[in-house]
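Chains, contacts and geometry: an overview
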Amino acid sequence: MDHNHLQQLQQLDAAYHLHPFNDNAALAKKGTRILTRGEGCYVWDAEGNKLLDAFAGLWCVNVGYGRKELGEVASRQMQQLAYYNSFFSCTTEPTVQLAAKLAELTPGDLNHAFFTNSGSEANDTILRMVRHFWAVQDQPQKNILIGRHNGYHGSTVAGASLGGMKGMHKQGGLPIPDIHHIDEPFWFIDGGDLSPEEYGVLAARRLEAKILELGPERVAAFIGEPIMGAIGVYIPPMTYWPEIERICRKYDVLLIADEVICGFGRTGEWFGQQYFGFQADIMPIAKGLSSGYIPIGAVMFNDRVAKVLAEKGGELAHGYTYSGHPVCAAVALENIRILQEENIVDTAKNVVGPYLAQRWAELGEHPLVGEARIAGMVGALELVPDKSKRQFFADRGSVGVVCRDFALKEGLILRATWDAMLLSPPLVMTTAQVDEMFDKVWTALNRTAEVVGVARA
Ligand code: PXG
């Protein structure tokens, strides 16, 4: 793109566009990076830089960029029937086919889909669905949902309330009533002398303590991300989720696994529940459902919930104009076909994932890295001031951005959350691209180490 045109776009952006989760005044001074093209694991910006996108957009471009089939399917569906709703006893063929496909693909008896446009909307839907579920069974007081501090479940009112991000709660008077939070499982900082396995059970028992404190007759559901993404890829010990499941069953609390990031192959399994070995009653999905090519999300729920809603629920007073949009459904179906027919999830699990894990562990040797955590195709490097201690930098968050900017200079998009460098590449990343990523990260770590005065490797 020629320089004048780029500058003009940046000026228009500064004047007219409020970016999500951004310091917009600072951005206006710096000028927005404008992305123009994508192919496989790479994107290009308006200045012509080719960047290896180790973050798959925003945890979502699972099949990689530039898949023409997805555009073709959207175009065909738009020309045939661009829109029809699923209200008033109607629907469209791709919507039905997608619901059936998801029933087949998702774990256990999560056989029923309610469509949304995003993960946030799915969680708003869930809040109402769960409370309605108990209310129509004569338990309206069983209306409390428990989430986790630093969890992320989206940006809408219910999503941000269920999430445990303090900065989000500060804006807009959240959380809304009858939502509680327990501490998240993060062994690296919180585990003390316990083994990760011991700590996982202990962290899960915080849920039991909270249920007993509130009274099981008040607690409707527990929600958690199998792996906590936005806060910095916190991967719980393998003992955590089975214990959470046991507790939910014991007190008849619905278990909600927020699979918006983990779903559709991110961990090398189709869903995070399969990676950790547990079964949810309700599951929001989005992102990888369409590989980010078009906005679509869904709430998957099990036979028990479906039966109550069908037999006692009456009309569900809830829905979006674009619930089950035929173009989005057609694209999601095609995306799932690509994931399945090209064995993308299997390859991530059995070929690229193990290689990535090995190279990630090598990065973990760097003096700046306190922990290199990874599960399938999602991971983090926790940067620390002293490798021999499990501690954050005193000025938490100041170092991650330095490393991120050095990575960008190397042509690599890495996400920094606080001082954790996050990895969540397209699932189609090759082993050669893993090597390319490794070299760029290593260079960025060395440059960062120079700046912060930690010994260089
Ligand atoms: N649940 C989870 C687990 C998510 O990660 C949502 C719900 C909300 O989905 P939508 O489609 O409404 O955005 C998400 C989204 C970050 C970041 O900073 C993460 C997300 C979104 C934006 C930023 O890592 N995850």
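One structure accompanies this document, and this report is about it. (Residues numbered from 1 in each chain as written. Predicted model: local features only at pLDDT ≥ 70, side-chain atom pairs only at ≥ 80, totals over all residues. Heavy atoms only, no water.)

**Describing the overall build of the protein**
Within the protein one finds 17 helices and 15 strands. Relative to the 2.2 N^0.38 estimate, which gives 23 Å for 457 residues, the radius of gyration of the protein is 22 Å and therefore close to what a compact globule would have. Each principal axis of the C-alpha atoms in the protein carries an extent, and together these give about 65 × 60 × 45 Å. Within the protein, the fraction of its 457 residues that count as buried is 54%. Within the protein, counting contacts between residues at least 6 apart in sequence, those at least 24 apart form 71% of the total. Separation between the mean location of the 41 positive side-chain charges and that of the 53 negative ones in the protein comes to 3 Å. (Helix = DSSP H or I, 4+ residues; strand = E, 2+ residues; numbered from the N terminus. Rg over C-alpha atoms; globule rule 2.2 N^0.38 Å. Buried < 20%, exposed > 50% of the residue type's maximum accessible area, 1.4 Å probe, protein only. Contact = heavy atoms within 4.5 Å. Lys, Arg positive; Asp, Glu negative; His and termini not counted. Charge placed at Lys NZ, Arg CZ, Asp CG, Glu CD.)

**Structural notes on the side chain of His-325**
Here His-325 is to be found in the loop between helix H13 (303–312) and helix H14 (326–341). Excluding residues that lie within four positions of it along the chain, His-325 makes contacts with Ala-82 and Tyr-83.

**So, the sheet that holds strand S3 (residues 50–53)**
Judged by pairing direction, the sheet is mixed, and its four strands sit side by side in the order S1-S2-S3-S13 without closing on themselves. Edge positions in the open sheet fall to strand S1 (35–39) and strand S13 (412–413), since each of these has one partner strand only. Pairing of S3 with S13, which is carried by two bridges, proceeds in the parallel orientation. Bridge pairing in S13 links Leu-52 to Leu-412. (Pairing = 2+ DSSP bridges.)

**Side note on the nonpolar core**
When a protein is soluble and globular, its nonpolar side chains tend to lie buried together. Ranked by size, the top nonpolar core spans 63 residues in total, and within it Phe-264, Leu-383 and Met-437 carry the most contacts. Per-element tally for this core: the top contributor is H14, with eight residues. Each of two domains, domain 1 (33–63 + 343–452) and domain 2 (69–341), supplies a minimum of three residues to this core. If we skip the residues at most four places from it in the chain, Met-437 touches Leu-52, Ala-54, Leu-356, Trp-360, Leu-412, Leu-423 and Met-429. (Core = buried A, V, L, I, M, F, W, Y, C linked by side-chain atoms within 4.5 Å. Domains from an automatic or database assignment.)

**Considerations on the sheet that holds strand S12 (residues 378–383)**
Taken together, the four strands give an open sheet; going across it, the order is S11-S12-S15-S14, and neighbouring strands pair in antiparallel fashion. Two strands close off the open sheet at either side, each with one partner strand: strand S11 (369–375) and strand S14 (415–417). Strand-to-strand twist of the sheet, defined as the mean angle between neighbouring strand axes without regard to direction, takes the value 20°. Summarising the sheet, S12 and strand S15 (residues 420–423) pair through four bridges and their orientation is antiparallel. Of the residues in S15, the one forming a bridge with Ala-380 is Leu-422. The sheet strands contacting helix H15 (residues 344–363) are S11, S12 and S15, and the helix crosses S11 at an angle near 170°. (Axes fitted to C-alpha atoms, helices over the stretch in contact; angles between N-to-C directions.)

**Topic: the site of the ligand**
Close to the ligand lie 16 residues; Trp-59, Gly-119, Ser-120, Asp-258 and Arg-415 are nearest. Residue Trp-59 places a side-chain N or O atom 2.9 Å away from an oxygen atom belonging to the ligand. In the model, an oxygen atom of the ligand is placed 3.0 Å from a nitrogen or oxygen of the Gly-119 main chain. Alone, the ligand offers 540 Å² of accessible surface; in the complex the protein occludes 84% of this. (Near = heavy atom within 4 Å. Polar contact = N/O pair within 3.5 Å; in protein donor to acceptor, adjacent residues only side chain to side chain. Areas by Shrake-Rupley, 256 points an atom, 1.4 Å probe, with all protein chains shown as cover.)

**Some words on the environment of Pro-185**
Locating Pro-185 in the fold gives a position in the loop between strand S6 (179–182) and helix H9 (187–190). Under the relative-accessibility criterion, Pro-185 is labelled buried at 2%. Spatially, the C-alpha atoms of Pro-185 and Pro-236 are 5.9 Å apart, while their sequence positions differ by 51 residues.

**Observations regarding the packing of aromatic side chains**
By the definition in use, this model includes 17 aromatic pairs. Taking the centre distance of 6.4 Å and the plane angle of 80° together, the rings of Phe-264 and Trp-270 count as edge-to-face. Relative accessible area serves as the criterion here: at 0%, Phe-264 is assigned to the buried category. An aromatic cluster is built from Phe-186, Phe-188, Tyr-234 and Phe-392, whose rings are joined through pairwise contacts. When the ring centre of Tyr-42 is taken as origin, the NZ or CZ atom of Lys-50, which lies over that ring, is 4.3 Å away. The ring of Trp-134 has Lys-142 lying over it, and the distance from NZ or CZ to the ring centre is 4.8 Å. (Phe/Tyr/Trp six-rings, centres within 6.5 Å; stacked < 30°, edge-to-face > 60°. Lys NZ or Arg CZ within 6 Å of the ring centre and 35° of its normal.)

**Looking at the layout of surface pockets**
Quantified by volume, the second largest pocket comes out at close to 560 Å³. If you trace the second largest pocket, you find 25 residues lining it, with Ser-86, Ala-113, Phe-114, Leu-316 and His-318 closest to the centre. Put simply, the parts of the chain that give the lining of the second largest pocket at least two residues each are helix H5 (93–105), strand S4 (112–116), helix H6 (119–135) and H13. Element by element, the count of residues in the lining of the second largest pocket is highest for S4, at four residues. Residue composition of the lining of the second largest pocket, grouped by class: 14 nonpolar, 10 polar and one charged. (1 Å grid on protein atoms, 1.4 Å probe; cavity = no way out; pocket = protein on both sides within 12 Å on 5 of 7 lines; lining within 4 Å. Points joined across faces, edges and corners; volume = space filled by probe spheres on them. Nonpolar A, V, L, I, M, F, W, Y, C, P; charged D, E, K, R; others polar.)

**Re the pairing of S15**
Of the two faces of S15, both are covered, the one formed by Ala-420 and Leu-422 as well as the one formed by Met-421 and Leu-423. As judged from the three bridges shared by S14 and S15, these two strands associate in the antiparallel manner. Across the sheet, Thr-417 pairs through a bridge with Ala-420, a residue of S15. Count of turn residues in the S14/S15 antiparallel hairpin: two residues, of which Trp-418 carries a positive phi of about 50°.

**Overview of the packing of H15 against helix H17 (residues 431–452)**
Helix-helix packing: each pair is described by the crossing angle between the helix axes and the interaxial distance. Where H15 meets H17, the closest approach of the two axes is 10 Å, and the angle between their N-to-C directions is 15°. Relative to H17, H15 is oriented roughly parallel. The handedness of the crossing between H15 and H17 comes out as right-handed. In this structure, H15 contributes Val-352, Tyr-355, Leu-356, Arg-359, Trp-360, Glu-362 and Leu-363 to the contact, and H17 contributes Thr-431, Val-434, Asp-435, Met-437, Phe-438, Val-441, Trp-442 and Leu-445. (Parallel < 35°, antiparallel > 145°, perpendicular 65-115°, else oblique. Left-handed = near helix turned anticlockwise from the far one by under 90°.)

**Observations concerning unusual backbone geometry**
Cis geometry is adopted by the peptide bond preceding Pro-175, which originates at Leu-174 and carries an omega value of 0°. Take Pro-175: it is sitting in the loop between helix H8 (166–170) and S6. Despite not being glycine, Ala-56 has its phi angle at roughly 50°, a positive value. Accessibility expressed as a relative area gives 0% for Ala-56, which makes it buried. Look at Asp-178: it is not a glycine, yet its phi comes out positive at around 65°. In this structure, Asp-178 sits in the loop between H8 and S6. What makes Asp-178 partly exposed here is its relative accessible area of 27%.

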